[in-house]
Amino acid sequence: MDAIHKLLAALEEYGEAAIAYRGQRIIAANSLFARMMERSVEECAGLEIIELCAEESIEMIQDYMRRRAFGDHNLPAVYSAAFTTPSRPRVMLELTVVKLKRGNDVLVIVREQE
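Calculation criteria
- Residues numbered from 1 in each chain as written.
- Predicted model: local features only at pLDDT ≥ 70, side-chain atom pairs only at ≥ 80, totals over all residues.
- Heavy atoms only, no water.
- Phe/Tyr/Trp six-rings, centres within 6.5 Å; stacked < 30°, edge-to-face > 60°.
- Helix = DSSP H or I, 4+ residues; strand = E, 2+ residues; numbered from the N terminus.
- Buried < 20%, exposed > 50% of the residue type's maximum accessible area, 1.4 Å probe, protein only.
- Arc of directions from axis to C-beta.
- Contact = heavy atoms within 4.5 Å.
- 1 Å grid on protein atoms, 1.4 Å probe; cavity = no way out; pocket = protein on both sides within 12 Å on 5 of 7 lines; lining within 4 Å.
- Points joined across faces, edges and corners; volume = space filled by probe spheres on them.
- Nonpolar A, V, L, I, M, F, W, Y, C, P; charged D, E, K, R; others polar.

A separate point is the packing of aromatic side chains. If you walk through the whole model with that rule in mind, you get 1 aromatic pair. Aromatic side chains tyrosine 64 and tyrosine 79 sit 4.8 Å apart centroid to centroid with 90° between the ring planes, which places their arrangement in the edge-to-face category. One end of the pair, tyrosine 64, is in helix 4 (residues 55–69); the other, tyrosine 79, is in strand 3 (residues 78–83), and 15 residues separate them in sequence. You can call tyrosine 79 buried: its relative accessible area is 11%.

Set out below in structure tokens:
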């Protein structure tokens, strides 16, 4: 198991849904995130994050991902965005984003807002 999968598994043990992405694609997800999105872990890997976003959040998410890739440190580390699942057209999620120091991977802890 590589470091990203170990990190996602550790977060899952603490009850945290999480993904790792590179560019605009999810490279790994834990089962709590997959369940939240009503998909399998395997289905999540390889998806573009935008495929899970509600229309109202696409522009913001794309902007944040682009700016984060270029090293913009003025982005919020925690913010809310609307996502969609097969049965729910709008799910508000709180995203805590950490750009990892090695490589181009980004870790996102995902919590459903109440």
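Turning next to helix 1 (residues 3–13). Considered for burial, the residues of helix 1 that qualify are Ile4, Leu8 and Leu11. Down the axis of helix 1, the buried set is contained in an arc of 60°. They therefore lie on one face. Away from the buried face of helix 1 by more than 90 degrees, exposed residues Ala3, Lys6 and Glu13 are located. Buried positions along helix 1 lie against strand 1 (17–22), strand 2 (25–29) and strand 5 (105–112). Immediately downstream of helix 1, the backbone of glycine 15 shows phi near 85°, a positive value.

With respect to the helices and strands, arginine 68 occurs in helix 4. The residues contacting arginine 68, other than those within four sequence positions of it, are Tyr21, Leu75, Pro76, Tyr79, Val97, Lys99 and Val106.

So, about empty space enclosed by the protein. In total, this model carries 1 cavity of 30 Å³ or more according to the counting rule given. In this structure, the largest cavity encloses a volume near 120 Å³. Lining the largest cavity are 15 residues, and of these Ile19, Ile49, Phe83, Leu95 and Val108 lie nearest its centre. If you list the elements that add at least two residues to the lining of the largest cavity, you get strand 1, helix 4, strand 3, strand 4 (91–99) and strand 5. For the lining of the largest cavity, the element with the highest residue contribution is helix 4, accounting for 3 residues. For the lining of the largest cavity, the residue count by class is 14 nonpolar, no polar and 1 charged.

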